[in-house]
Amino acid sequence: MKRPSVFLVFFLLAASCLLLSAPIEAARVERREGLTLVFLEGAPYELGRQHGELLKDQVRESVGRLLGYFRAYLKFPLINRWAANWWLDRPWHDAMPFLPREVLDELRGLSEGSGVPLKELCRLHAIPDRTYACSGFIAWGKATADGRLIHTRNLDWNIGIGIQRHAAVFVVRPEGKQAFVSMGWAGLIGVLTSVNEEGISIGQIGAETADRSCRGLPMTFLMRKVLEDSTGLDQAVALITDATRTVGVNYLIADAKTGRGAAIETTHRRSAVFEANDPKERQVAYARPMADVVLRADTAGDPAIRNRQSASGGKPNQPGLEPPTGSAYEVRYLKQHEGLAAHYGRIDAEAAQEIMRSVAPDSNVQSVVFAWPQAWVANAQEITPAAQTTYHELNLKELLEGVTRR
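Here the structure is a predicted model, which means the values were calculated and not measured.

A. Representation of the packing of aromatic side chains in the model. Here the structure, examined in full by the defined rule, presents 5 aromatic pairs. Summarising the aromatic geometry, the rings of Y69 and F70 are spaced 5.2 Å apart at their centres and angled 85 degrees between planes, so their arrangement reads as edge-to-face. Y69 sits in the partly exposed class, given a relative accessible area of 27%. Classification of F70 by relative accessible area gives buried; the value is 5%. Linked through ring pairs, Y69, F70 and W87 together constitute an aromatic cluster.

B. The arrangement of a negative patch on the surface in detail. A cluster of like negative charges, contributed by D146, D348, E350 and E354, occupies part of the molecular surface. Relative accessible area serves as the criterion here: at 57%, D146 is assigned to the exposed category.

C. Main features of the nonpolar core. By size, the foremost hydrophobic cluster in this structure holds 101 residues, and its most contacted members are F137 and Y251. By residue number, the principal contributor to this core is helix 7 (residues 219-229), which donates 6 residues. Sequence-distant contacts of Y251, that is, excluding residues within four places in its chain, are made with I202, G203, Q204, M219, L222, M223, I240, A262, A263, I264 and T266. Counting 18 residues, the second-largest nonpolar core is a separate cluster that includes F39, F370, L394 and L400.

D. Layout of unusual backbone geometry. Here the residue pair W372 and P373 is connected by a cis peptide bond, since its omega of 10 degrees sits within 30 degrees of zero. In this structure, P373 sits in the loop between strand 13 (364-371) and strand 14 (374-379). The phi torsion at N277 lies on the positive side, around 50 degrees, for a residue other than glycine. Tracing the backbone through its elements, the reader meets N277 in the loop between strand 11 (271-274) and strand 12 (293-296). One non-glycine residue, E382, lies in positive phi territory at about 55 degrees. Among the structural elements, E382 can be located in the loop between strand 14 and strand 15 (392-395). Assessed through its relative accessible area of 52%, E382 is described here as exposed.

Rules behind the numbers
Residues numbered from 1 in each chain as written. Predicted model: local features only at pLDDT ≥ 70, side-chain atom pairs only at ≥ 80, totals over all residues. Heavy atoms only, no water. Phe/Tyr/Trp six-rings, centres within 6.5 Å; stacked < 30°, edge-to-face > 60°. Buried < 20%, exposed > 50% of the residue type's maximum accessible area, 1.4 Å probe, protein only. Patch = residues over 30% accessible without salt bridge, like charges linked within 9 Å, V, L, I, M, F, W, Y side chains within 5 Å. Areas by Shrake-Rupley, 256 points an atom, 1.4 Å probe, with all protein chains shown as cover. Salt bridge = Lys/Arg side-chain N within 4 Å of Asp/Glu carboxyl O. Lys, Arg positive; Asp, Glu negative; His and termini not counted. Charge placed at Lys NZ, Arg CZ, Asp CG, Glu CD. Core = buried A, V, L, I, M, F, W, Y, C linked by side-chain atoms within 4.5 Å. Helix = DSSP H or I, 4+ residues; strand = E, 2+ residues; numbered from the N terminus. Contact = heavy atoms within 4.5 Å.

Spelled out as structure tokens, the structure:
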């Protein structure tokens, strides 16, 4: 028998080495220390299809749980399902002209991958613009223990729905756009808490206002646009202020690489940007500006925006500015400020978690701390608020580089 040539043997050995060292398929699910990690990569339709196929049962349960809650919540005898569908279909219909083609393609892929009707997924994605609450802060420089930027976010919603059972960390590499890590839930392609490969992190606080409209880019997709398209803080802020927005939201955006953060207060038509120790806040009696810190709950610091708020005891139909009241201001804002002042100069991830625990209500479904290149994520466990549970540490650089589990 003729012996194989040296060249052929070398080729076969090299090919074997390449196969052995090849990375695991980009789209996959990993479970690490209590967290579900979902890696997605490709064009919009493929991102959705991968999401749906990898988390098929979770997506079905998540969508069913959320929509089921709203259908039961709107208590109209005999027509509650129809009423809930109308309540969600109307804003989605109004937002359609402002939605990028990529969003619709990804939702179509998610539908086909999971088997959940596209109409139901559209209804699910109309929910975030209909809900409010939360708190967060950004601290850096003199405020933190080592000067590193710390960005926190308490997501306070409705723990009774049980969405925390479907929590997942999505590592997304969209074709032609920046990769990002999103702390979300099965079935949701929009962003509520996330950071991109350039170290831009974002979170939001609902801030109910009379100046609202469904004719704009829904909040979760605007936040995702910031992650996919911005490389610095100024660019990220401009994407928010220049957008055709929908509802009242206070955004917190941080740039870990330059060590800066900003709060952007918005309504449908107005926006105001605040940085640390901002002179504009010093003219507002109820604001608590700090050096190298921005913090927010529902209450707006901009007088024109506050005048249109119903959040924090606002009365937009009455003349004048009402002093903020209620737990949104008295706990999530003032107590957060109190914790920051007490830990000023020593704020690190542990101190941040302590502050978050002190202001988290019973409705707290998720809490996240960003300290690039690390992050800590806590999800509610049954009826235990997220901030009271275990925080799981993540290496963001590792995730974004697609490093597989060892």
